[in-house]
Amino acid sequence: MRFSSVATAGLALAASSTPCTLAFSPASIKPHHVASSTRLHVQVEAPTKKLPKIEQLKINSDYLRDPLKDQLQTEEIGISKDAYQIMKYHGSYQQNNREKKGPKDYQFMLRLKQPAGELPPELYRLLDDLSANMGQGDLRATTRQCFQMHGILKGNLKTVISSIMNIGSSTVGACGDVSRNVMTTPAPFDTPAYNFAREYSKVFAELFRPMSPAFSEIWLDGEKAASIETWAKEVAHHNVDEAMLHDNGRGIILADSTEPIYGTQYLPRKFKIGVTVPGDNSLDIYTNDIGCVVICNEAGELEGFNVMVGGGMGRTHNKENTFARAADHMGFVPKEDIMEVLKAIVAAQRDHGNRDVRANARMKYLVHTLGIDKFKRLVESYAGMEIAEWRPMEEWKYNDWMGWWEQGDGKLFYGQHVDNGRVKDEGDFRLKSALRVIVDKYDISSILSPTQSIIFRDINPKDKDGIEAILREHGIAPIEEVDPNARLAMACPALPLCGLAQGEAERLMPSYIERMRALLDKMNLPGEEILMRMTGCPNGCARPYMAELAFVGDGAKSYQVWLGGSPVLTRTAYPFMAKMNTDALEETIEPILAMFIQQKMEFEAFGDFCHRVGSESIEKFSETYVLGSVTA
């Protein structure tokens, strides 16, 4: 079953789609104070008569306290739906095993906040212990460079969260309608640009952290954490709080002493920020609400950032006004203005994002509706300054940074591939134990990668052989033995715990990789590398819509097939097939590979080929193709 032309147009960014309608007329840009009433003239057509329930819930929560605080004290094994919505801001999702019959057996998934993906050794030890003693025994690296734990019981939440907070980490803002974990390239090279990328990812994490005292009240009984968050200490010289509270009089700062940026309603939807260096797109920079690219001069001094806006993955099946979107280039911002401009972007989304229709609440829809030029003018009106043109940069490349690399300071880093982010012990494969032995023996820090893997940094070269021996003793294959397509692949957790999953992802993806490998070998394409991703629903947690080949769950044993994403992750894919049965992988993909063999240009990647020829040409070729008739 192919997509209809109407559905395809809607899913592939129909230009006519207008999920929210605004009449926009920016004020002139002036550096002096301008009253907010004259700063903008934004008229929202057909205003809502009543706040949506989720927006009213945020207002009534007393800055993320209620009804969670009381619900945590009950004897029930779970919490109410309203408390669950507030619990997200504290970093947790309530889940139950959907494959277990009988009454719902509620448990909680807890997600950490780890700006730049950094994981000190003492934090890894704590997470390893907590997951073993109070979780389901494993850890999962997410696609936003943080760990999450599953299987935590309600009665253990306070112990687990307070332990994390007291060691200098946090779960605050890992979920909810706030700025989520700030990502960066995971490569720990000791160069000015890479150092600035890591530094400013922590600055931005601090700048947009929720300020409510609810977190310490609920989890620490109102006391301060025993240790300040590690990233906050590292960027203290930036005076982030002063920059956060600076009021230029143009409507960024609200008259709210608790949450001066977020206010009582916080943002319309989740908000994602990424930071990288020119040429390094290992983090899917175009999928973020804000993407910042470090720009240095020839002396290695930071000049500022190229800023892109309006990326996002989530969509809804059969709703054509929801779609995945790659970010637009907005312009260049000098380093001294970057915090104020980012505040202006967040304020624009806070005030003009669609709070009436949650499916259209992400900032990508605001940017899509206004267009990048008008959105830029809106941001300028908040910031009180013009934003310069985007500066030329080197072309993007993709690298997962696995294996051994020199950092540039005499030390090494090692990227350890983790299938779909699941750190576990299973039979002779004992990755979780191996990582603990390495951390205990060498006391080294690690970084979680945007592709759900882990990188050990600051390794003394003399310890290389010892680390390789530990991995080998625990049944971990060296990176040279890992299928390149497995390294490129990602899948979300999906069933059985995710309440949104419509199909499998993490548990099915390994078999799909094996089947794709067999098909590639059969067609004499053993060296072909294809970036594949799978999700159990259309929300896009594993960023499937950027992949060269993606499978998006839309029911039991049924997947949408998406083609044509860039191998360097700079554009979205298009929908090719509306429903593919799980068993039909080979008969669906073989004709596409056959056409690729016959019609590709020299050195053309699979995703680039599919993008160039388009869905209709591939469908027409597939209709008359005879299975087994083409090999390279």
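Just above, that's the structure.
Only a predicted model underlies this, so the values are computations on that prediction, with no experimental measurement involved.

Definitions and cut-offs
- Residues numbered from 1 in each chain as written.
- Predicted model: local features only at pLDDT ≥ 70, side-chain atom pairs only at ≥ 80, totals over all residues.
- Heavy atoms only, no water.
- Pairing = 2+ DSSP bridges.
- Helix = DSSP H or I, 4+ residues; strand = E, 2+ residues; numbered from the N terminus.
- Contact = heavy atoms within 4.5 Å.
- Axes fitted to C-alpha atoms, helices over the stretch in contact; angles between N-to-C directions.
- Buried < 20%, exposed > 50% of the residue type's maximum accessible area, 1.4 Å probe, protein only.
- Parallel < 35°, antiparallel > 145°, perpendicular 65-115°, else oblique.
- Left-handed = near helix turned anticlockwise from the far one by under 90°.
- Phe/Tyr/Trp six-rings, centres within 6.5 Å; stacked < 30°, edge-to-face > 60°.
- Lys NZ or Arg CZ within 6 Å of the ring centre and 35° of its normal.

Chemist: Can you tell me about the sheet that holds strand β21 (residues 532-535), naming the residues and giving the values?
Modeler: Overall, mixed pairing links the five strands, which are arranged β20-β21-β22-β23-β24 in an open sheet. The two strands at the open ends of the sheet, each matched to only one other strand, are β20 (490-491) and β24 (574-581). Packing against the sheet, helix α18 (residues 509-522) makes contact with β20, β21, β22 (549-555), β23 (558-563) and β24, and its axis sits at approximately 150° to β21. Relative to β24, helix α19 (residues 585-599) is tilted by about 150°, and along the sheet it contacts β22, β23 and β24.

Chemist: Describe in detail the pairing of strand β11 (residues 302-309), supporting the description with residues and values.
Modeler: Looking down a regular strand, the side chains alternate between one sheet face and the other. Among the eight residues that make up β11, seven are buried, leaving the element largely enclosed by the rest of the structure. Sheet topology note: the strand β10 (residues 290-296)/β11 ladder contains seven bridges and is antiparallel. Bridge pairing links Gly 291 to Met 308 in β11. Here β10 hands over to β11 after five residues, with Gly 300 in that stretch at a positive phi of 85°. In this structure, β11 lies alongside strand β12 (residues 328-334), joined through six bridges in antiparallel fashion. Paired with Asn 306 across the two strands is Phe 332, which belongs to β12.

Chemist: Before we move on, could you go through the packing of helix α15 (residues 431-442) against helix α16 (residues 464-473) and cite the residues and values that matter?
Modeler: Two elements in contact, α15 and α16, have axes whose closest approach is 9 Å; the angle formed by their N-to-C orientations is 155°. Here α16 runs roughly antiparallel to α15, going by the angle between their axes. Remark: the crossing between α15 and α16 carries right-handed chirality. Between α15, through Ala 434, Val 437, Ile 438, Lys 441 and Tyr 442, and α16, the contact on the second element is made entirely by Gly 466, Ile 467, Ile 470 and Leu 471.

Chemist: Residue-level account of the packing of aromatic side chains, with values.
Modeler: The relative placement of two aromatic rings is captured by the distance of their centres and the angle of their planes. Counted under the stated rule, the structure contains 22 aromatic pairs. Pairing Tyr 124 with Phe 147 gives two aromatic rings, centres 6.3 Å apart and planes at 45°, and the pair type is tilted. With Tyr 124 in helix α6 (residues 121-134) and Phe 147 in strand β7 (residues 147-152), the pair connects residues that are 23 residues apart, well separated along the chain. The exposure class assigned to Phe 147 is buried, which follows from its relative accessible area of 1%. Between the aromatic rings of Phe 621 and Tyr 625, the centroid separation amounts to 6.0 Å while the plane-to-plane angle is 25°, which identifies the pairing as stacked. Tyr 625 matches Phe 621 in its accessibility class, with the two residues each being buried. A connected cluster of aromatic rings, assembled from ring pairs, spans Phe 189, Tyr 194, Trp 401, Trp 405 and Phe 413. The ring of Tyr 84 has Lys 88 lying over it, and the distance from NZ or CZ to the ring centre is 5.1 Å.

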